[in-house]
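A look at the structure
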Amino acid sequence: MLKITEPKKVLCIHDLSGVGRCSLAVILPVLSVMGIQPVALPTVMLSTHTGGFGAPARLDGCAYGEAALEHYRKLGLSFDCIYTGYLGGEAQAALAEKAFDLWPSAYKVVDPVMGDNGRAYTTVTPAFIDRMRQLCRRADLILPNATEAGLLLEKPLPDPLDEAGAQALADELAALAPNVVVTGLQLDKYIACAGAGRERFVVKKLHIARNFPGTGDLYGAVLIGSLIQGNALSAAADNAAEFVALAIQKTPYDQDTRFGVWFEPLLPRLCPLREE
């Protein structure tokens, strides 16, 4: 007899891009196929992501987000996890903080989206970095990339970075949150993610010489799904890294990288085993 259980719910506070595989367009199908119910709360709606398509049409979702949170509160919904990503300013950081206040027992994951490739985004101010730092202090797990790690710590990253340096970086960030995974670390010929907190680890993967938007969102979604399925953080980080690496490998070389990786054919790999 098929055993049916209520799926875990994850409140996903991220942007939504109409074109380009990133943010909610990636997170929703990944969590769904992993047996988890995602609840989307768009912080901003964009016609495309901002990585190479020109200036997108944009609709701020802050007022909607406030109303949605209040509606969920009145409905008596509960969330097992709250996962925040792109926040388009301090008002939207306050939106994430409100969600944390309304559901204090939820496992809180913060992807402090502020920059990439060694540079902060043009909209990121010192005040916003400080607000993001405060949000990270309320999280159970933070997922900065290498650039964001430097912004949170207010220090440049060593160049070159070795495995010991990567681990030291993650350990420093553990002062902000109980658990940390730093992604996109360049270690010689490898791309690595370093973890700190209750589990210290460095996961290394062969560098693939193509960059795609949305791979950080794909990584975060698989990692969170793996955690909710009961995996340890180190195993969840490894699962996520392997899935992203495979998605990159399976994307044709003549594909316009702006459209992201072809992860959809790989989704069946994430389905949990069904209990009979």
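For the structure itself, consult the block above.
Counting restarts for each chain: residues are numbered from 1 in the order of the written sequence. In keeping with the predicted nature of the model, local features appear solely for residues at pLDDT of at least 70, side-chain atom pairs appear and are counted solely at 80 or more, and the whole-chain, interface and lining totals rest on all residues. Values reported for side chains reflect all heavy atoms of the structure, with hydrogen atoms and water molecules removed beforehand.

**Here we look at helix 8 (residues 233-250)**
The end-to-end C-alpha separation of helix 8 is 26 Å, in line with the 26 Å expected for 18 residues at 1.5 Å each. Whether a residue is buried, partly exposed or exposed follows from its accessible area with a 1.4 Å probe, protein chains only, as a fraction of its type maximum: under 20%, in between, or over 50%, in that order. Only runs of H or I of at least four residues qualify as helices and only runs of E of at least two qualify as strands under DSSP, and these elements are numbered from the N terminus. Of the positions making up helix 8, those classed as buried are Leu 233, Ala 236, Ala 237, Ala 240, Ala 241, Phe 243, Val 244, Ala 245, Leu 246, Ala 247 and Ile 248. To estimate the expected span of a helix, count its residues, drop one, and scale the result by 1.5 Å.

**Some details on the packing of helix 3 (residues 90-102) against helix 4 (residues 126-137)**
In this analysis an axis means a line fitted to C-alpha atoms, helices contributing only their contacting stretch, and an angle means the value between N-to-C directions, from 0 to 180 degrees. Interaxial distance between helix 3 and helix 4 falls to 10 Å at its minimum, and their mutual angle equals 10°. Taken together, the axes of helix 3 and helix 4 are roughly parallel relative to one another. Taking contact as the criterion, the partners of Glu 90, Ala 93, Ala 94, Ala 96, Glu 97 and Phe 100 in helix 3 are, on helix 4, Ala 127, Phe 128, Arg 131 and Leu 135. Small angles under 35 degrees read as roughly parallel and large ones over 145 as roughly antiparallel, with 65 to 115 read as roughly perpendicular and the rest as oblique. Here a residue-residue contact requires only that any non-hydrogen atoms of the pair lie within 4.5 Å.

**Remarks on the packing of aromatic side chains**
Pairing of aromatic side chains here covers Phe, Tyr and the six-membered ring of Trp, requires ring centres within 6.5 Å, and sorts the geometry by plane angle: under 30 degrees stacked, over 60 edge-to-face, intermediate tilted. Summed over all chains, the structure comprises three aromatic pairs. With centroids separated by 5.2 Å and ring planes inclined at 70°, the aromatic side chains of Phe 53 and Phe 259 adopt a geometry described as edge-to-face. Taken together, the positions of Phe 53 in the loop between strand 2 (37-48) and strand 3 (58-60) and Phe 259 in the segment after helix 8 put the pair 206 residues apart, joining distant regions of the chain. Overall, Phe 259 belongs to the partly exposed group, its relative accessible area being 32%.

**Overview of the pattern of salt bridges**
Opposite charge on two side chains makes pairing possible when the charged atoms of those side chains draw close. One speaks of a salt bridge when a side-chain nitrogen belonging to Lys or Arg is within 4 Å of a carboxyl oxygen belonging to Asp or Glu. Summed over all chains, the structure comprises 13 salt bridges. Of the charged contacts, one joins Arg 200 and Asp 171 as a salt bridge, the two residues approaching to 2.8 Å between their closest N and O atoms. Taken together, the residues span a long stretch of sequence, with Arg 200 in the loop between strand 10 (190-197) and strand 11 (201-206) and Asp 171 in helix 6 (residues 163-173) at a distance of 29 residues. Asp 256 is the partner of Arg 258 in a salt bridge, and the nearest nitrogen-oxygen pair spans 2.7 Å. One network of salt bridges, in which partners are shared, links Glu 90, Glu 97 and Arg 131.

**Focus: unusual backbone geometry**
For Ser 23, which is not glycine, the phi torsion reads 45° and is therefore positive. Relative to the helices and strands, Ser 23 resides in helix 1 (residues 23-33). With phi around 55°, Asn 117 is a residue other than glycine that occupies positive phi space. Tracing the backbone shows Asn 117 in the loop between strand 6 (115-116) and strand 7 (119-120). On the basis of relative accessible area, Asn 117 is assigned to the exposed category, the value being 69%.

**A look at the pairing of strand 1 (residues 9-19)**
Taking burial as the measure, the eleven residues of strand 1 include eight buried ones, the bulk of the element. Only strands joined by at least two bridges in the DSSP assignment are considered to pair. Taken together, the nine bridges between strand 1 and strand 2 define a ladder with parallel strand orientation. Its bridge partner lying in strand 2, His 14 is registered against Pro 42. The crossover handedness rule: strands pointing away from the viewer, path from first strand over the helix to second strand clockwise, crossover right-handed. In this view, the connection linking strand 1 to its parallel neighbour strand 2 by way of helix 1 has right-handed handedness. Pairing of strand 1 with strand 4 (residues 81-84), which is carried by four bridges, proceeds in the parallel orientation. What sits directly across from Ile 13, in strand 4, is Thr 84.

**Thoughts on the side chain of Asp 217**
Examined against the element boundaries, Asp 217 turns out to sit in helix 7 (residues 215-228). Think of it this way: Lys and Arg go in the positive column, Asp and Glu in the negative one, and His and the chain ends go nowhere. In this structure Asp 217 is buried but unpaired, with Arg 21 as the nearest side chain of opposite charge at 12 Å.

**Things to note about helix 2 (residues 62-75)**
Its 14 residues place the ends of helix 2 20 Å apart at the C-alpha level, agreeing with the 20 Å of an ideal helix rising 1.5 Å per residue. All buried positions along helix 2 are accounted for by Cys 62, Gly 65, Ala 68, Leu 69 and Tyr 72. Seen end-on, helix 2 carries its buried residues on one side only, within an arc spanning 115°. Exposed and facing more than 90 degrees away from the buried side of helix 2 are Ala 63 and Lys 74. In this fold, the buried residues of helix 2 make contact with strand 1, strand 2, strand 3 and helix 3. Where helix 2 terminates, the next one or two residues include Gly 76, which has phi positive at roughly 75°. Here the arc refers to the set of directions running from the helix axis out to each C-beta atom.

**Side note on the environment of Pro 112**
The topology assignment puts Pro 112 in the loop between strand 5 (107-110) and strand 6. Residue class for Pro 112 comes out buried when judged on its relative accessible area of 0%. Spatially, the C-alpha atoms of Pro 112 and Ala 149 are 8.8 Å apart, while their sequence positions differ by 37 residues. Apart from residues lying up to four places away in sequence, Pro 112 is in contact with Met 132, Cys 136, Leu 143, Pro 144, Glu 148 and Leu 152.

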